[in-house]
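What the coordinates show
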Amino acid sequence: MSQKENNIFQLARIIAASLRGKANDEEQRTLREWLFVSTRNKKIYDGFKDGKRLEQKIVESRQINWEKDYQQFITKRQRTRKNRRIKTIIRYAAILTLPLVAAGIFLLQKNDRQAIVSISEVIKPGEHKAVLITGGGERITLSDSTLSPIQEQNGMIVNVMNNKVFYTLPEDSLCTQESPIFNTLQIPRGGEYFLTLADGTEVWLNAETEIRYPVQFTGNKRVVYLDGEAYFTVAPDKKKPFTVVSTHASVSVLGTQFNFRAYPDEQDVQTTLVSGSVIMQSEKYKQQIKLVPGEQGVLEKRSANLTKQEVNTYLYTAWKDGRFAFRDARLEDLFNILARWYDLSIFYQSPEAKDIRFTGDLNKTDDFKSILKIIEQNERVTFTVNQHTVFIQAK
């Protein structure tokens, strides 16, 4: 790193020290000289006095590949022999990186041992909301106030009432549809919804989940497609097995209750059986395991290895009854769940914070501040919250 580049980072450290009230006389003199150079420098410095902007900058900095950008910067310098070009690159590098570096140093070097929670607005829990995409391509936004019957192409009627979608077939219908018409129900972050399929199967859909299903089941099987998490109470029909299919695994049943979790961004696919029996299958190798009540099947996506274990089913199904239950859970896994429900962005200022363990039973209807106070009681982690962004640091 050249002297001029080093000066950029040194100046960032001085700014961070000044904002924390710990700049010595020499650092304060250097800062005054830099502020005197241009009004732009003063605007940058004044902007950092706003704590919200500091946290926004650290968010931005985490989205930048610093190593890649630095190498590109060095390459540009090596390819040019013109002093004017070099000065231009250095000038723009200072403008672009200085605010981010200063923000990063300031936030990462804070030594406050108490939890720092400054929530400028109440972060409310999720609510009943979804988007229904009909077989004809119509998109219908569903919420607490939605109440609308929709006539389907094959005679089935979609009913939306009390935060539920359910299907009915009029008695005088002469539906003989051989090729099923599919609907899709999309649940966004911060949402959940309830669905009753045409056969009477009940489905609780968790946040950030999508289910694709036929308006009416035809043929000798019942198949739905899921990304995300859902709890199923399957209507018995020995002549038509019920199958839930995800990218990596599927579950087949005749009639039972189970939780199926298959988020694309998670390493495992989980089937937790409450009653009855199910067969879980790896889509890649077609490996199968049979589960009995109280067991959980786990598919590791990378290896496609399929195993099972005994579990407390409440820990994996409490979400549908308005609770979040954790037993010795990793903080990262806990906050992955909270992030979907409260629509949060999570950043770990110290990687070791991810492995801190937590046990608790939380109320999903509480606002996030109340949830955070409970988690803080383990006294091993601190939080900084700005709107819907949470910064986590181990003590």
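See above for the structure.
Quick caveat, the model's predicted, so the values are computed rather than measured.

1. Description of the packing of aromatic side chains
Tallying each qualifying case throughout the model produces 11 aromatic pairs. Summarising the aromatic geometry, the rings of Phe 194 and Trp 204 are spaced 4.9 Å apart at their centres and angled 75° between planes, so their arrangement reads as edge-to-face. Taken as a pair, Phe 194 in strand E8 (residues 191-196) and Trp 204 in strand E9 (residues 202-205) lie far apart in primary sequence, 10 residues in all. The class for Trp 204 is partly exposed, based on a relative accessible area of 21%. One aromatic cluster in this structure is built from Phe 217, Phe 232, Phe 242 and Phe 258.

2. Notes on the nonpolar core
Among the nonpolar cores identified, the biggest contains 42 residues, and Val 165, Leu 185, Leu 195, Ile 211, Tyr 213, Phe 232 and Phe 258 are the most heavily contacted of them. In terms of residue count, strand E11 (residues 222-233) provides more of this core than any other element does, 4 residues in total. Setting aside residues no more than four positions away along its own chain, Leu 195 makes contact with Val 165, Tyr 167, Leu 185, Thr 201, Glu 202, Val 203, Leu 205, Ile 211 and Tyr 213. Within the second largest apolar cluster, 29 residues are counted, among which are Tyr 231, Leu 362, Val 390 and Ala 394.

3. Observations concerning the sheet that holds strand E23 (residues 381-386)
One open sheet holds the 3 strands; their spatial order is E21-E24-E23, and the pairing between them is mixed. The two strands at the open ends of the sheet, each matched to only one other strand, are strand E21 (345-348) and E23. Averaged over all adjacent pairs, the angle separating strand axes in this sheet is 20°, with direction ignored. In this sheet, strand E24 (residues 389-394) lies alongside E21 in parallel orientation, the contact comprising 4 bridges. Bridge assignment links Ile 346 to a residue of E24, and that residue is Val 390. Against the sheet, helix H8 (residues 331-342) engages E21, E23 and E24, with an angle of about 160° to E21.

Criteria and cut-off values
- Residues numbered from 1 in each chain as written.
- Predicted model: local features only at pLDDT ≥ 70, side-chain atom pairs only at ≥ 80, totals over all residues.
- Heavy atoms only, no water.
- Phe/Tyr/Trp six-rings, centres within 6.5 Å; stacked < 30°, edge-to-face > 60°.
- Helix = DSSP H or I, 4+ residues; strand = E, 2+ residues; numbered from the N terminus.
- Buried < 20%, exposed > 50% of the residue type's maximum accessible area, 1.4 Å probe, protein only.
- Core = buried A, V, L, I, M, F, W, Y, C linked by side-chain atoms within 4.5 Å.
- Contact = heavy atoms within 4.5 Å.
- Pairing = 2+ DSSP bridges.
- Axes fitted to C-alpha atoms, helices over the stretch in contact; angles between N-to-C directions.

That's the geometry; what it means functionally is another story.
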